[in-house]
Amino acid sequence: MRLDEAADLLGTVPWFDLPTVVQLSGEPRRDVVNQLFRWSRAGKVIPLRRGMYTLADRYRRVPVPPAALANALCFPSYLSGLWALGFYGLIPEAVPVYTSVTTRGPTEFENAFGMFRYTAIKRNLFFGYRSATIAGSEALVATAEKALLDLFYLHSGEWDRSRMIEMRFQQTEVVDRDRLLAYAQRTGKPRIGRAVDVWLTCSAEQDAMGVEL
C-alpha cells in the first residue's frame, strides 16, 4: 500500500488498528507490519500503542481527541479519578495524565497525545459513567459522584478530614449528594461509605463558610 492510498482510506478516522489496514489493503499481514514500521520511522504514522496507529497530521484530515482516545486504547474503560475530578472542576488543577478505570489489568500508554493510565476495578464497580462531548468527540467519563468514589476506592487507607482538606475540593455543588450516597451504598464497601460521610460533612462546612474544603 502506498502512503497516498493509506491517506485516502484512513485519513478520515482519528486512529486505526493493524487488522483494519490488513483488511483494507488486502496485503499480507507481515508486509503491512513492515510498512507501518517504516512509516513510523519516517514520522508518517504515529504509534499509539502496539497495533494501533494514527496518520501524521499532514496526512490526517481529522483531529485525534485525547479523551476519546483514552477510551479506545484500553477497552472497556472510562475516564475517572483525578482527571475526571479536574474535568468537573472539583479540584483546582487540571490533570495532564488521562486517568481511567478498567475491568482489565492495570496498564499505561504514553504517545504523542499524552499519558494514559488505567487502574483495575472489579466488574461490579464498573458503573456510574456517561458519554460527554470533549474536544468535539464523545468520550466515556465517570459522573462527578463516581469519580469521587473511584478516587476513594483506588487510593488505600482512610479518607479522614485532614486527607480531604489536602485535596482542596472546590465547586462541590456539582455533586448530587443523593446520587453519591446511593453509589456508595451500591459499592458495598464500608470504607467508601465512611469516606463519603467525611466528604459530605466537609463540603457542608465549605458551603456554610463559602470557602474551599
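Residues numbered from 1 in each chain as written. Predicted model: local features only at pLDDT ≥ 70, side-chain atom pairs only at ≥ 80, totals over all residues. Heavy atoms only, no water.

## Thoughts on the overall build of the protein chain
Thought 1: Each helix and strand counted, the protein chain has nine helices and nine strands in total.
Thought 2: Principal axes of the C-alpha set define a box for the protein chain whose edges measure 65 × 30 × 25 Å.
Thought 3: Split into buried and exposed, the 213 residues of the protein chain put 46% on the buried side.
Thought 4: When the accessible surface of the protein chain is split by element, carbon and sulfur atoms take 52% of a total near 10900 Å².
Thought 5: A gap of 8 Å separates the mean positions of the 26 positive and 23 negative side-chain charges of the protein chain. (Helix = DSSP H or I, 4+ residues; strand = E, 2+ residues; numbered from the N terminus. Buried < 20%, exposed > 50% of the residue type's maximum accessible area, 1.4 Å probe, protein only. Areas by Shrake-Rupley, 256 points an atom, 1.4 Å probe, with all protein chains shown as cover. Lys, Arg positive; Asp, Glu negative; His and termini not counted. Charge placed at Lys NZ, Arg CZ, Asp CG, Glu CD.)

## Digging into the sheet that holds strand β1 (residues 16-17)
Thought 1: Taken in spatial order, the three strands make up an open sheet running β1-β3-β2, and their pairing is antiparallel. One side of each edge strand has no neighbouring strand; the edge strands of this open sheet are β1 and β2 (45-49).
Thought 2: Docked against the sheet, helix α3 (residues 29-41) engages β1, β2 and β3 (52-55), running at close to 110° with respect to β2. (Pairing = 2+ DSSP bridges. Contact = heavy atoms within 4.5 Å. Axes fitted to C-alpha atoms, helices over the stretch in contact; angles between N-to-C directions.)

## Some words on the packing of helix α6 (residues 144-154) against helix α8 (residues 177-187)
Thought 1: At their nearest, the axes of α6 and α8 sit 9 Å apart, and the two run at 45° to each other. Comparing the axis directions of α6 and α8 gives the class oblique. You can see that α6 and α8 cross each other, and the crossing is right-handed. Along the contact surface, α6 presents Glu145, Lys146, Leu148 and Leu149, while α8 presents Arg179, Leu180, Tyr183, Ala184 and Thr187.
Thought 2: When the residues that make up the contact of α6 with α8 are grouped by side-chain class, the tally is five nonpolar, one polar and three charged. (Parallel < 35°, antiparallel > 145°, perpendicular 65-115°, else oblique. Left-handed = near helix turned anticlockwise from the far one by under 90°. Nonpolar A, V, L, I, M, F, W, Y, C, P; charged D, E, K, R; others polar.)

## Considerations on the packing of aromatic side chains
Thought 1: The final tally for this structure, using the stated rule, is 12 aromatic pairs.
Thought 2: Ring centres of Phe152 and Trp159 lie 5.1 Å apart, and the angle between their planes is 55°; this geometry places the pair in the tilted category.
Thought 3: Three or more aromatic residues link up through ring pairs in this structure, and these residues are Trp83, Phe87, Tyr88, Tyr98 and Phe116.
Thought 4: Above the ring of Phe127, the side-chain terminus of Arg186 is found at 3.8 Å from the ring centroid. (Phe/Tyr/Trp six-rings, centres within 6.5 Å; stacked < 30°, edge-to-face > 60°. Lys NZ or Arg CZ within 6 Å of the ring centre and 35° of its normal.)

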